[in-house]
Amino acid sequence: DKERATSQLSPHLRVGTVSPFALYWQTKDCALAEDELKTFSRRLIWRDLAYYQLSCFPEMRYRPIRSHYETSVWVSGEEEKRRLEAWKWGCTGFPIVDAGMRELYATGWMTQ
């Protein structure tokens with residue numbers, strides 16, 4: 001529940017109205033404390049790492065990049081629907097997952 005825990009810049013980064021490169025360098029001269037600046041920069045870089053990985057491993061859209069996960073069993077049918085609803089409403093029983101989903105539902109944003 002830390003104030004300003006999210007920058008709320010993700011829509012702008014996604015559609016290109018803000019450049020990750022420009023944002024990274026512009027934040028170097030801002031008034032954030034050193035630890036906050038480090039956290040912000042890491043999150044910005046982490047975001048682009050996911051896009052980079054997708055460009056290197058385009059098949060990861062459809063299958064895991066680590067082959068040992070290919071044997072994972074997925075639920076289906078009513079159990080799949082039940083779990084999806086539990087996830088959407090923050091009622092999975094996994095506190096960190098539930099807190100993130102409840103935050104997203106309440107504020108429209110989720111901290112990383």
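Just so it is clear, the model here is predicted, and its values are computed rather than measured. (Residues numbered from 1 in each chain as written. Predicted model: local features only at pLDDT ≥ 70, side-chain atom pairs only at ≥ 80, totals over all residues. Heavy atoms only, no water.)

## Brief notes about the environment of Glu-79
Within the element layout of this structure, Glu-79 appears in helix α4 (residues 77–88). Residue classification places Glu-79 among the partly exposed positions, given a relative accessible area of 29%. A sequence separation of 56 residues divides Glu-79 from Leu-23, and the C-alpha atoms of the two residues are 43 Å apart. Side-chain polar atoms of Glu-79 contact the side chain of Arg-83, separated by 2.8 Å. (Helix = DSSP H or I, 4+ residues; strand = E, 2+ residues; numbered from the N terminus. Buried < 20%, exposed > 50% of the residue type's maximum accessible area, 1.4 Å probe, protein only. Polar contact = N/O pair within 3.5 Å; in protein donor to acceptor, adjacent residues only side chain to side chain.)

## Brief notes about helix α5 (residues 95–107)
Spanning 13 residues, α5 covers 18 Å between terminal C-alpha atoms, matching the ideal 18 Å at 1.5 Å per step. Listed as buried for α5 are Asp-98, Gly-100 and Met-101. Summarising the axial view, the buried residues of α5 lie within an arc of 165°, below the 170-degree limit, and thus occupy one face. Those residues of α5 that are exposed and aimed more than 90 degrees away from the buried face are Pro-95, Ile-96 and Ala-106. (Expected span 1.5 Å × (residues − 1). Arc of directions from axis to C-beta.)

## Let's talk about the confidence of the model for the protein chain
For the protein chain, the average pLDDT comes to 88, and 96% of its residues sit at 70 or higher. α4 holds the highest mean pLDDT among the elements of the protein chain, 96, whereas helix α3 (residues 34–56) holds the lowest, 87. (pLDDT = per-residue confidence, 0-100.)

## Here we look at a nonpolar patch on the surface
On the surface, Leu-84, Trp-87, Phe-94, Ile-96 and Val-97 cluster together into a nonpolar patch covering about 540 Å² of accessible area. Among the elements of the structure, α4 and α5 are those that each provide at least two residues to the nonpolar patch. With respect to the element layout, Val-97 can be found in helix α5. (Patch = residues over 30% accessible without salt bridge, like charges linked within 9 Å, V, L, I, M, F, W, Y side chains within 5 Å. Areas by Shrake-Rupley, 256 points an atom, 1.4 Å probe, with all protein chains shown as cover. Salt bridge = Lys/Arg side-chain N within 4 Å of Asp/Glu carboxyl O.)

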